[in-house]
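# Inside the fold
Chain residues, written in single-letter form:
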Amino acid sequence: MAEGYDPRRSKVSDDTMAIFLTQPITGDLTEVPGIGPKTVEKLAHCESPEDCITNTYQLFGKYLMLKGPGEGSENQVSTMVHAEKFWQWLKNRGISSHRSAIVKAIAEKSSAFFPAIYDANEYASDDEED
């Protein structure tokens, strides 16, 4: 299996995702599907205070920052590149499990505020796998 973001690897139930997508954000990182106490510790541990993620708002901010820059004169990247950049950022922060769940949750919630920031249709369905 190739490494990287794949929404099909998210093990979050449809019910859990629906609750997250419809509830207001509180700031508690554990409200994001896939984030538990160990992930909270890893996000908060950093060398520079500006890089520390201690609440959900900061995590959304980091996700949004990774939307650009694009190639050449482009000021933004595609949905797939954006999701991959966030997945890789989580990996580099030491997050070793549930990365795809976290990316999917943040991306789908963000798309409610910023239509077209994430398009799930760009990923093949389970029926289209090789």
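Described in the following lines is the structure provided in the data block. (Residues numbered from 1 in each chain as written. Predicted model: local features only at pLDDT ≥ 70, side-chain atom pairs only at ≥ 80, totals over all residues. Heavy atoms only, no water.)

## Digging into the nonpolar core
In this structure, Leu59 and Phe86 are the most contacted members of the largest nonpolar core, which totals 29 residues. Elements represented by at least two residues in this core include exactly helix 1 (14-22), helix 3 (56-65), helix 4 (79-92) and helix 5 (99-113). (Core = buried A, V, L, I, M, F, W, Y, C linked by side-chain atoms within 4.5 Å. Buried < 20%, exposed > 50% of the residue type's maximum accessible area, 1.4 Å probe, protein only. Helix = DSSP H or I, 4+ residues; strand = E, 2+ residues; numbered from the N terminus.)

## So, the side chain of threonine 39
In this structure, threonine 39 sits in helix 2 (residues 37-44). Not counting residues up to four positions away in its chain, the partners in contact with threonine 39 are Gly34, Ile95 and Ile102. (Contact = heavy atoms within 4.5 Å.)

## Observations regarding the packing of helix 3 against helix 4
Viewed as axis vectors pointing N to C, helix 3 and helix 4 meet at an angle of 130°, and their least axial separation amounts to 9 Å. Between helix 3 and helix 4, the crossing angle belongs to the class labelled oblique. Of the two elements, helix 3 crosses helix 4, and the hand of that crossing is right-handed. Here helix 3 contributes Leu59, Lys62 and Tyr63 to the contact with helix 4, which in turn contributes His82, Phe86 and Trp89. Residues that form the contact of helix 3 with helix 4 fall into these classes: four nonpolar, one polar and one charged. (Axes fitted to C-alpha atoms, helices over the stretch in contact; angles between N-to-C directions. Parallel < 35°, antiparallel > 145°, perpendicular 65-115°, else oblique. Left-handed = near helix turned anticlockwise from the far one by under 90°. Nonpolar A, V, L, I, M, F, W, Y, C, P; charged D, E, K, R; others polar.)

## Observations regarding the packing of aromatic side chains
As enumerated under the stated definition, the model contains four aromatic pairs in all. Between phenylalanine 86 and tryptophan 89, the aromatic rings sit 5.9 Å apart at their centres with planes inclined by 5°, giving stacked as the arrangement. Taken together, the positions of phenylalanine 86 and tryptophan 89, both in helix 4 and three residues apart, correspond to about one turn of that helix. When sorted by exposure, phenylalanine 86 lands in the same class as tryptophan 89, which is buried. Among the aromatic side chains, those forming a connected cluster through ring pairs are Tyr5, Tyr118 and Tyr123. One Lys or Arg, arginine 99, reaches over the ring of tryptophan 87 and ends 4.1 Å from the middle of that ring. Positioned over the ring face of phenylalanine 20 is lysine 109, at 5.3 Å from the centre of the ring. (Phe/Tyr/Trp six-rings, centres within 6.5 Å; stacked < 30°, edge-to-face > 60°. Lys NZ or Arg CZ within 6 Å of the ring centre and 35° of its normal.)

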